[in-house]
Amino acid sequence: VQLQASGGGLVQAGGSLRLSCAASGRTFSNYVMGWFRQAPGKEREFVAGINWSGGMTYYADSVKGRFTISRDNAKNTVYLQMNRLKPEDTAVYYCAANNGVATKYYEYDYWGQGTQVTVSS
């Protein structure tokens, strides 16, 4: 499956952004989807995940209550709504696909190219 992330940008602290990740090539609903992020000099970290149907979501503690992951299987797209953004949310955000529920980056098989999110203070 090929993944294309978009929607990043520059936003002030407290603002919102919505990231999108469009999938193509294989049956989107067969995959668990995840969002990860990587800040300069840091390891890639899990942000949020969603199961095949969208009925189960899970989040890193650092974003719980501020970020919402969702998917539209008819549009082959997964979203990450990010609210109340903080400067420490600044990173390159990646979407990823996997056959099973997972939170470690090395467990995911397919990756998008990343989109930059910068939150100014």
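Everything discussed here concerns the structure shown above.
To keep things clear, this report deals only with the structure shown in the data block. The numbering scheme is per chain: residues are counted from 1 as the chain's sequence reads. In view of the model being predicted, local features appear only for residues whose pLDDT reaches at least 70, and side-chain atom pairs are presented and counted only at 80 or more, with totals across whole chains, interfaces and linings using the full set of residues. Side-chain calculation: all heavy atoms of the structure are included, whereas hydrogens and water are not.

1. Structural notes on the state of the cysteines
Rules: Put simply, a disulfide is two cysteine sulfurs that come within 2.5 Å. Here a strand is any run of E in DSSP of at least two residues, a helix any run of H or I of at least four, and the numbering for each starts at the N terminus. Type-normalised accessible area, obtained with a 1.4 Å probe on protein chains alone, sets the label of each residue: buried when under 20%, exposed when over 50%, and partly exposed for intermediate values.
Here the structure, examined in full by the defined rule, presents one disulfide. One disulfide in the model links Cys-21 with Cys-95; its S-S distance is 2.1 Å. Because the torsion about its S-S bond is 60 degrees, the bridge between Cys-21 and Cys-95 counts as right-handed. Separated by 74 residues along the polypeptide, Cys-21 in strand E3 (residues 17-24) and Cys-95 in strand E9 (residues 91-98) bring together distant segments of the chain. The exposure class of Cys-21 is buried, given its relative accessible area of 0%.

2. A closer look at the environment of Glu-107
Under the convention used in this document: Two residues qualify as a contact provided that any one of their heavy atoms is within 4.5 Å of a heavy atom in the partner residue.
Tracing the sequence through the fold places Glu-107 in the loop between E9 and strand E10 (110-111). The spacing of Glu-107 and Ser-62 is 45 residues in sequence and 21 Å in space, taken between C-alpha atoms. When near neighbours in sequence (up to four residues on either side) are disregarded, Glu-107 contacts Asn-98 and Ala-102.

3. What about the pattern of salt bridges?
Stated precisely, the cut-off is as follows: Salt bridges are defined by distance alone: a side-chain nitrogen of Lys or Arg within 4 Å of a carboxyl oxygen of Asp or Glu.
Here the structure, examined in full by the defined rule, presents four salt bridges. Notably, a salt bridge pairs Arg-37 with Asp-89, separated by 2.9 Å at the nearest N-O pair. Of this pair, Arg-37 sits in strand E4 (residues 32-38) while Asp-89 is found in the loop between strand E8 (77-82) and E9, placing the two residues 52 residues apart along the sequence. Arg-37 sits in the buried class, given a relative accessible area of 6%. Asp-89 gets classed as buried once you look at its relative accessible area, which sits at 1%. Across the pair Arg-66 and Asp-89 runs a salt bridge whose closest N-O atoms are separated by 2.7 Å. Placement of the pair is Arg-66 in the loop between strand E6 (57-59) and strand E7 (67-72) and Asp-89 in the loop between E8 and E9, with a sequence separation of 23 residues. Note on accessibility: Arg-66 and Asp-89 belong to one class, buried.

4. Thoughts on unusual backbone geometry
For Asn-76, which is not glycine, the phi torsion reads 55 degrees and is therefore positive. Secondary-structure assignment places Asn-76 in the loop between E7 and E8. Phi at Arg-84 is positive, roughly 50 degrees, even though this residue is not glycine. With respect to the secondary-structure elements, Arg-84 resides in the loop between E8 and E9.

5. Looking at the nonpolar core
This is how the line gets drawn: The definition of a nonpolar core used throughout is a set of buried Ala, Val, Leu, Ile, Met, Phe, Trp, Tyr and Cys residues joined through side-chain atoms within 4.5 Å.
By size, the foremost hydrophobic cluster in this structure holds 38 residues, and its most contacted members are Met-33, Trp-35, Leu-80, Met-82 and Tyr-93. For this core, the element with the most residues is E9, which contributes five residues. Once you skip the residues sitting within four places of it in the chain, Leu-80 turns out to touch Leu-17, Arg-18, Leu-19, Trp-35, Val-47, Ala-48, Phe-67, Thr-68, Ile-69 and Tyr-93.

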